[in-house]
Structure formats: structure tokens, C-alpha cells
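# Chain and residue survey
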Amino acid sequence: MEEQKEQKKAAKRSFVGIVTSDKMDKTIVVSIDTKKMDRLYKKYVVRTKKCKAHDEKNDAHIGDTVRIVECSHISKDKCWRLDAIIERAK
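Everything in this summary refers to the structure shown in the same document. (Residues numbered from 1 in each chain as written. Predicted model: local features only at pLDDT ≥ 70, side-chain atom pairs only at ≥ 80, totals over all residues. Heavy atoms only, no water.)

This paragraph deals with the sheet that holds strand β4 (residues 65–70). Taken in spatial order, the five strands close into a barrel running β1-β2-β3-β5-β4, and their pairing is mixed. Shown here is a sheet whose adjacent strand axes are inclined to one another by a mean of 45°, direction ignored. Relative to strand β5 (residues 80–87), strand β3 (residues 44–54) is paired through two bridges, and the arrangement is parallel. Bridge assignment links A53 to a residue of β5, and that residue is W80. (Pairing = 2+ DSSP bridges. Helix = DSSP H or I, 4+ residues; strand = E, 2+ residues; numbered from the N terminus. Axes fitted to C-alpha atoms, helices over the stretch in contact; angles between N-to-C directions.)

Here you go:
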């Protein structure tokens, strides 16, 4: 019966992107690039989305490749948090 009461939680979205700003305290701005095919010309177009993510320890810096994970709202704009730093900037 307990198994029936438990419902599966939705998988949290995660994205890999590059840090474009780390000037704010405990916040980073991550640029996420996605390729999408144009309907008319059948060519791939790069779309960029910027997200603010929570960085508790201020570890990430400009140019780092990071993975961010969806979470509950931390502030008006922040609904992502830093999961891992994949590659440091050179």
C-alpha cells in the first residue's frame, strides 16, 4: 500500500553551459547554447539562453564549463543551482 501512495517525482532538468559572469555573490550567469534546425532554410541555428544559478561556495569563475540543475526558486530570477564544474577555464 505504501508503494501505491508514493508517486514518482519528475526528473530534474540539467544543462551544461559556460559561465559568463561571476560578479554577484553566490550567483553565476551561465550561457546555454542549443542547436535547432530552421524550418525554412533547413540549417542549424545556434540559440543562446542565459540562466542565473546559485553557487554556494563561489567556486565557478568566468569561462568554466559547468552543469546546472533545476531547483525550487531561491530568488526572483534564480531557479537553478550549480551541480558540478566540468572543466576549468585555461
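What follows covers the nonpolar core. Of all hydrophobic cores here, the largest spans twelve residues; its members are V19, I28, V30, I32, C51, A53, A60, V66, I68, C79, W80 and L82. Looking at this core, the elements with two or more residues in it are β2 (27–37), β3, β4 and β5. With three residues, β2 is the single largest residue contributor to this core. Contacts of W80, omitting those with residues within four sequence positions, involve R13, F15, C51, K52, A53, H54, I68, V69, E70, C71 and I74. (Core = buried A, V, L, I, M, F, W, Y, C linked by side-chain atoms within 4.5 Å. Buried < 20%, exposed > 50% of the residue type's maximum accessible area, 1.4 Å probe, protein only. Contact = heavy atoms within 4.5 Å.)

A surface patch of like charges, here positive, comprises K36, R39, K42 and R47. By secondary structure assignment, the location of K42 is in the loop between β2 and β3. On the basis of relative accessible area, K42 is assigned to the exposed category, the value being 56%. (Patch = residues over 30% accessible without salt bridge, like charges linked within 9 Å, V, L, I, M, F, W, Y side chains within 5 Å. Areas by Shrake-Rupley, 256 points an atom, 1.4 Å probe, with all protein chains shown as cover. Salt bridge = Lys/Arg side-chain N within 4 Å of Asp/Glu carboxyl O. Lys, Arg positive; Asp, Glu negative; His and termini not counted. Charge placed at Lys NZ, Arg CZ, Asp CG, Glu CD.)

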